[in-house]
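Coordinates in review
Letter by letter, the chains look like this.
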Amino acid sequence: MAAPESKYVLPSYSVIKCPVCANGLNVYDTRKSAYFGCSSCHSFFQRSDGNNASLRKFSDADVQQCPFPLGTMGTVEGIEYMLVGFIRKKQKDDEIYWNEYAFYSPKSNWYVILAEFDGNWMMIWRSNNQNIELTKYLNGDCFAQDEGVNYLLYLQYQFNIIYAEGEFDWNILEDESLTTYEYVNAPRILINEERNYQPSWFRASYLSPKALLNDFEIAPEWLPKKNTGIPFIPSKFYPRWKSLVKFTGITLALFLLITVGTMMFKPEKQLYNKTLYCVQDTTGWGNTKSIITEPFNITGPAPVYFTLSAPALNNSWIELEISLINDKDGHVYELDKTIEYYSGYEGGESWSEGDHNIDAVLSGVPSGTYHMNIYPATEYKKNDDGTIPQPAFDVTVSQNSFLSSNFWLMLCLILLYPTIQFIRKYTYENSKWFDKEYGDLPES
Amino acid sequence: MIQDLKRIKYYALCLLTGVGLFSYGSFTGTRFLGDDNKNKDGHTINTSGSGHMGGHGYYFHK
């Protein structure tokens, strides 16, 4: 590959030919580099004496050229590094992609990796401590302890390498068998790349674009655009998240099935609907004559829904005490509601207060024949002609009405915990990737 | 699936209880919040005194 001419880029030490397209690739680590990705034909090959062998041809659809020229320099803790390899990875079981840049120091024979996801950067280097203790708690949380600091296990995944260019001193394709675990104590991360149950520990720290431009000789225009959305797909964040989403989905489906089934097998039915009048009672102890309705049948157990309305009511009130009585055993359900509505015109503005309609629910009413005793009460004001009005009100009774409060209560119960977890993940990811200062430096 | 459930066993238990209660409420017509019945003690017309029921003497229809 012919590296772009730039003041930031170091010249290569040697050139190797691609066995597929015969393109010349720059080689910076001539002693150890044995695997190469060709940016021209997108082949990955192994150097061997006299015969370079192609190991894989990357799909053209997955190709994303390295935005920085190979040979780009950087300095970390006074040690110079140069960019020798670029790898694009994809999470095995999801559409999550990220890029990794391998920087090599010939002097210290040491690698650091810059990982970039949606314009957010992290620096990764091999940990000196490879004997990190793991502790698993009963609640399922798993911690890694390093230098007295606990890191919580947040992420577990495997990846495929979908594109690579540059040189590597190991077969990066074999890394596809790794299982990666990320333990987080923001802004630091411990990464365990496990192969056949053998751990290999790395440390990582978040890198702001400012720190990146300061420590690596990268031109600002080379940086990919930073995505301000949710950096990770939430379902991949916590180990429990996937189980949570799956179980919540099943429960939601069950819940909706029960709701629809109930509506189908116990359809709503109107039992009573009549306009009634308040008639002043001058003989009894109450101010209004009580009303006794004709009987109606309830097929229970069912919720019984009352709609009480007085559309003509204005600047007055009607109190309705209703007793629903089982004609056979005398069991009484009682409710007390007041319809009140006031309106006027003051200071150039119209105002109103109250409502012409009011609802009530009696739940779990068993089957039987019922009637209502209605005890109205109201304020009687004489009309201009001296007559006393008889305020009207409508009573509608129906059974098997949709119990919306039960529905919303259950929906909240189902979604509460997943919502809390989602907010935690969202908050964490944002704090993980955005506005972080440069963290730990690599161990020397 | 069992392994998945183990990770969220408390949430799963809570949710299954909730679904059970919701099913019970749906099939018995029980409203968990806001039942307007004021006769919580379940008095019948034959046993309730007029004082207890707010001054009204119940009229049995039949």
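Residues numbered from 1 in each chain as written. Chains lettered and ligands numbered in written order. Predicted model: local features only at pLDDT ≥ 70, side-chain atom pairs only at ≥ 80, totals over all residues. Heavy atoms only, no water.

1. With respect to the overall build of chain A
Stated formally: Labels follow the DSSP assignment, with helices taken as runs of H or I lasting at least four residues and strands as runs of E lasting at least two, numbered in each case from the N terminus. For every residue, the accessible area obtained with a 1.4 Å probe (protein chains only) is divided by the maximum for its type, and the residue is called buried under 20%, exposed over 50%, and partly exposed between those limits. Whether two residues are in contact is decided by their heavy atoms, any of which lying within 4.5 Å being enough. Surface exposure here means Shrake-Rupley accessible area, sampled with a 1.4 Å probe, where a residue is shielded only by the protein chains that are shown.
When its secondary structure is counted, chain A shows three helices and 27 strands. For chain A, buried positions account for 50% of its 444 residues. Long-range pairs, those at least 24 residues apart, make up 63% of the contacts in chain A with a sequence separation of at least 6. When the accessible surface of chain A is summed, it comes to about 21400 Å², and 52% of that surface belongs to carbon and sulfur atoms.

2. Focus: the pattern of salt bridges
Residues and elements named next belong to chain A. Going by this rule: Salt bridge, as applied in this entry: a Lys or Arg side-chain nitrogen positioned within 4 Å of an Asp or Glu carboxyl oxygen.
Within the structure shown, the criterion is met by 12 salt bridges over all chains. Across the pair Arg195 and Asp175 runs a salt bridge, and its minimum N-O distance is 3.3 Å. Taken together, the positions of Arg195 in the loop between β16 (188-194) and β17 (201-207) and Asp175 in the loop between β14 (159-168) and β15 (179-185) put the pair 20 residues apart, joining distant regions of the chain. Shared partners join several salt bridges into a network, and the residues in it are Asp146, Glu147 and Arg203.

3. Remarks on the interface of chain A and chain B
Applicable threshold: A 1.4 Å probe defines the accessible area here, and the buried area is the portion of it lost by two parts on being joined, summed over both.
Facing 56 residues of chain A, the contacting portion of chain B comprises 43 residues. Across the chain A/chain B interface, buried area totals approximately 4300 Å², and carbon plus sulfur atoms make up 64% of it. Looking only at chain A, the three residues that lose the most surface to chain B are Phe247(A), Glu334(A) and Asn406(A), adding up to 15% of its buried area. At the boundary of chain A with chain B, the tally comes to two salt bridges. A salt bridge links Asp36(B) to Lys337(A), with the nearest nitrogen and oxygen atoms 3.1 Å apart.

4. Some points on a nonpolar patch on the surface
Short version of the rule: Distance thresholds for patches are 9 Å for like charges and 5 Å for nonpolar side chains (Val, Leu, Ile, Met, Phe, Trp, Tyr), applied to residues having over 30% relative accessible area and no salt bridge.
On the surface, a cluster of nonpolar side chains totalling about 470 Å² of accessible area is made up of Leu409(A), Leu21(B), Tyr24(B), Phe32(B) and Leu33(B). One can find Leu21(B) in helix α2 (residues 9-28).

5. Notes on helix α2 (residues 241-265) of chain A
To keep things clear, this is the line we draw: Each helix should span, by expectation, one fewer than its residue count multiplied by 1.5 Å.
Across its 25 residues, α2(A) extends 36 Å between first and last C-alpha, which sits within 8% of the 36 Å expected from 1.5 Å per residue. Restricting attention to buried positions, one finds in α2(A) the residues Trp241(A), Ser243(A), Leu244(A), Phe247(A), Thr248(A), Thr251(A), Phe255(A), Ile258(A), Thr259(A), Gly261(A) and Thr262(A).

6. Comments concerning the confidence of the model for chain A
For the record, the criterion: Each residue carries a pLDDT score, the predictor's confidence in it, ranging from 0 to 100.
Mean pLDDT for chain A: 84, with 89% of residues reaching 70 or above. Counting interchain partners and residues more than four positions distant, the pLDDT-below-50 stretch residues 228-236 of chain A has 36 contacts.

7. Focus on the packing of aromatic side chains
All names here are of chain A. Where we set the bar: Here the aromatic set is Phe, Tyr and Trp, taking the six-membered ring for Trp, and pairing holds for ring centres within 6.5 Å; pairs whose planes are under 30 degrees apart are stacked, those over 60 apart are edge-to-face, and all others are tilted. For a lysine, the NZ atom is tested; for an arginine, the CZ atom; a charge sits over a ring if that atom is within 6 Å of the ring centre and within 35 degrees of the ring normal.
A full pass over the atoms with the stated rule returns 24 aromatic pairs over all chains. Ring plane angle 35° and centroid distance 5.4 Å describe the contact between Tyr101 and Trp121, whose orientation is recorded as tilted. Here Tyr101 is found in strand β8 (residues 97-105), whereas its partner Trp121 is found in strand β10 (residues 120-126), with 20 residues between them in sequence. Across the pair, exposure class does not vary: Tyr101 and Trp121 are buried alike. Among the aromatic residues, ring-to-ring pairing joins Tyr35, Phe44, Phe58, Phe68, Phe86, Tyr101, Tyr104, Tyr111, Trp121, Tyr163, Phe168 and Trp170 into one connected group. Lying across the ring of Phe202, Arg126 places its NZ or CZ 5.8 Å from the centre.

8. Focus on the environment of Ser205(A)
In this fold, Ser205(A) is placed in strand β17. In the structure, Ser205(A) is positioned 16 residues away from Ile189(A) in sequence and 6.3 Å away in space, judged by C-alpha atoms.

9. Details of α2(B)
Residue and element names in this part refer to chain B. If you check α2, its first and last C-alpha atoms are 28 Å apart, about what 20 residues at 1.5 Å a residue would give, namely 28 Å. Listing the buried residues of α2 in full gives Tyr11, Ala12, Leu15, Gly18, Val19, Phe22, Ser23, Gly25, Ser26 and Thr28. Of the residues one or two after α2, Gly29 is the one with positive phi, at around 70°.

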